Amino acid sequence: DELISQIAAGEVVERPAAVVRELVDNALDAGASQVTVRLLAGGVRLILVEDDGQGIPREELPVALRRHATSKIASLQDLEAVGTMGFRGEALAAINSIADMSLLSRTADDAHAWQLDGRTGELKPAARSQGTSVEVRELFYATPARRKFLKTDATELAHCIEAVRRHALVRPDVGFAIWHEGRLVEQWRAGQGASAHEQRLADVLGNEFVEQSVAVHYESAARRPDGQPAVRVWGRAGIPDAARSRADQQFAYVNGRYVRDKVLTHAARSAYEDVLHGHRQPVYALYIEMDPSRVDVNVHPTKIEVRFRDSREVHQAVRHAVENALATPRA
Ligand code: ADP
Ligand code: MG
């Protein structure tokens, strides 16, 4: 079972940033309003993710580290409409098999926190306020071959920051902080209300991005049975002749989940070529909302790929959304 976990870990965890992504996913699933990430050596020596979410009850701490233990879905039907970031119950077990891990958690009902040592299984009383701290030390200590493929600390740190950035752009209601070697390297404060999202875009992507971009609002004509548009696309599309565009400034989300998808990338790129005839990289943050049963998120363990039931429908919606936005005259 140890070996199977390590093989699974190879799929989920290719570098420290993948651990950061999974732990922040879990913090958000737990309803956190503040998530703090502390790193040493680009995350290779230490990844500590602290949240103020609901916490893990004492008796569930050992269960959380077991493979295919998830508290989030109970049936295949739930998987059709999964509303949480996690659902496979693999991440903690996988990470525990390739690193020194501990869970420190306290629920609203606990008089104090409990700490679980992932290696020994020892459970002991500890101190912290409500929420969870997951500590991951010496990633890949057991798989030196993997460790050799890691890049410099600076590169791994950049990937870790990118992982948090992807969460930050879709959760302006949550505060995020990233510390590296004891220094605060990024901080994005939680916001509320209508302006919070724009403020978060400015904080994460820069004021220039917001100033040199246009709002995207689009609803497909087709309706779901409940009257909602089949596909809704919103967000902002940057004007690449003004912004210093880079390939890594393209953020797409499906039902709140960051995804990398050829259909979406192609649709956005086509819109830019049609309207602006430019060759530069488009810059955008696009949020696609659609019937969850028409998109499969359970394609790959990292959940970064999706499969659309009708990819033409999504392609058209994104293309029209971006075309309309870019073609609208600006003041
Ligand atoms: P998944 O997220 O797919 O359910 P994980 O392996 O990531 O699987 O986590 C296993 C379980 O541990 C979760 O289902 C959840 O019950 C619990 N858990 C993990 N991290 C946290 C956290 N930060 N706060 C509360 N519960 C957590
Ligand atoms: Mg998870």
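- Looking at an unreviewed UniProt entry, one finds the protein chain named DNA mismatch repair protein MutL and attributed to Polaromonas jejuensis.
- What the UniProt record of the protein chain gives under Sequence similarities (unreviewed entry) is the line "Belongs to the DNA mismatch repair MutL/HexB family."
- In its Function (unreviewed entry) section, the UniProt record describing the protein chain reads: "This protein is involved in the repair of mismatches in DNA. It is required for dam-dependent methyl-directed DNA mismatch repair. May act as a 'molecular matchmaker', a protein that promotes the formation of a stable complex between two or more DNA-binding proteins in an ATP-dependent manner without itself being part of a final effector complex."

Notes on helix 8 (residues 196-205)
- Those residues of helix 8 not exposed but buried are His197, Arg200, Leu201 and Leu205. Taken end-on, helix 8 shows its buried residues confined to a sector of 105 degrees, consistent with a single buried face.
- In this fold, the buried residues of helix 8 make contact with helix 7 (153-168), strand 8 (183-188), helix 9 (207-211), strand 10 (231-238) and strand 13 (284-290).
- One or two positions beyond helix 8, positive phi appears at Gly206, with a value near 105 degrees.

Remarks on the packing of helix 10 (residues 262-276) against helix 11 (residues 311-327)
- Between helix 10 and helix 11, whose axes approach to 8 Å, the crossing angle comes to 35 degrees. Judged by the twist between their axes, the crossing of helix 10 over helix 11 is right-handed. Residue-level inspection shows Val263, Leu264, His266, Ala267, Ala268, Ser270, Ala271, Tyr272, Asp274, Val275 and Leu276 of helix 10 in contact with helix 11, the latter providing Ser311, Val314, His315, Val318, Arg319, Val322, Glu323, Leu326 and Ala327.
- Among the residues forming the contact of helix 10 with helix 11, the class breakdown is 13 nonpolar, 4 polar and 3 charged.

Let's talk about the pairing of strand 1 (residues 34-40)
- Note: strand 1 against strand 7 (residues 175-180), 6 bridges, orientation parallel. Among the inter-strand pairings, Arg38 is bridged to a residue of strand 7, identified as Trp179.
- Pairing between strand 1 and strand 2 (residues 46-51): 6 bridges, direction antiparallel. Paired with Leu39 across the bridge in strand 2 is Ile47.
- Between strand 1 and strand 2, which pair antiparallel and follow one another directly, the connecting turn spans 5 residues, one of which, Ala41, has a positive phi of 50 degrees.

Focus on the pairing of strand 2
- Sheet analysis places strand 2 next to strand 6 (residues 131-137), joined by 6 bridges and oriented antiparallel. In the strand pairing of strand 6, Leu46 is matched with Arg137.

Topic: the environment of Leu326
- Mapped onto the elements, Leu326 comes out in helix 11.
- The sequence separation of Leu326 and Arg67 amounts to 259 residues, and the corresponding C-alpha distance is 47 Å.
- Excluding residues that lie within four positions of it along the chain, Leu326 makes contacts with Val214, Ala237, Ala271, Tyr272, Val275 and Leu276.

So, the sheet that holds strand 9 (residues 213-219)
- Taken together, 5 strands build an open sheet; the order of strands is 9-10-13-11-12 and the sheet is mixed. Each end of this open sheet is capped by a strand with a single partner; those strands are strand 9 and strand 12 (257-259). The mean angle between the axes of side-by-side strands here comes to 20 degrees, regardless of whether they run parallel or antiparallel.
- Across 7 bridges, the pairing between strand 9 and strand 10 is antiparallel. Across the sheet, Ser213 pairs through a bridge with Gly238, a residue of strand 10.

Structural notes on unusual backbone geometry
- Unusually for a residue other than glycine, Glu138 sits at a positive phi of about 55 degrees.
- Within the secondary structure, Glu138 sits in the loop between strand 6 and helix 6 (144-148).
- Its 15 C-beta neighbours within 10 Å are what place Glu138 among the partly exposed residues.

Concerning the confidence of the model for the protein chain
- On average, the protein chain scores 89 in pLDDT, and the residues at 70 or more come to 87%.
- For this predicted complex, the interface score ipTM comes out at 0.99, alongside a pTM of 0.91.

Rules used in this analysis
- Residue positions are counted from 1 within each chain, in the order its sequence is given.
- Going through the entries in the order they are written, you letter the chains from A and number the ligands from 1.
- Restriction of local features to residues with pLDDT of at least 70 applies here, the model being predicted, together with a cutoff of 80 or more for giving and counting side-chain atom pairs; totals for whole chains, interfaces and linings are based on all residues.
- UniProt positions are given in the numbering used here, feature names are shortened, and annotations may be inferred rather than shown by experiment.
- With C-beta atoms placed from the backbone, a residue is buried if 20 or more other C-beta atoms are within 10 Å of its own, exposed if 12 or fewer are, and partly exposed between those counts.
- The secondary structure listing takes helices from DSSP runs of H or I that are at least 4 residues long and strands from runs of E that are at least 2 residues long, numbered from the N terminus.
- Within this analysis, the arc is defined by the directions that extend from the helix axis to the C-beta atoms.
- Once C-beta atoms have been placed from the backbone, residue pairs whose C-beta atoms lie within 7 Å are recorded as contacts.
- Think of each axis as a best-fit line through the C-alpha atoms, taken over the contacting stretch in the case of a helix, with angles from 0 to 180 degrees between the N-to-C directions.
- It is the rotation of the near helix from the far one that decides the hand of a crossing: anticlockwise by less than a right angle makes it left-handed, clockwise makes it right-handed.
- Three categories are distinguished: nonpolar for Ala, Val, Leu, Ile, Met, Phe, Trp, Tyr, Cys and Pro, charged for Asp, Glu, Lys and Arg, and polar for the others, with Gly belonging to the last.
- When DSSP finds at least two bridges between two strands, those strands are taken to pair.
- As a per-residue measure, pLDDT tells how confident the predictor is, with possible values from 0 to 100.

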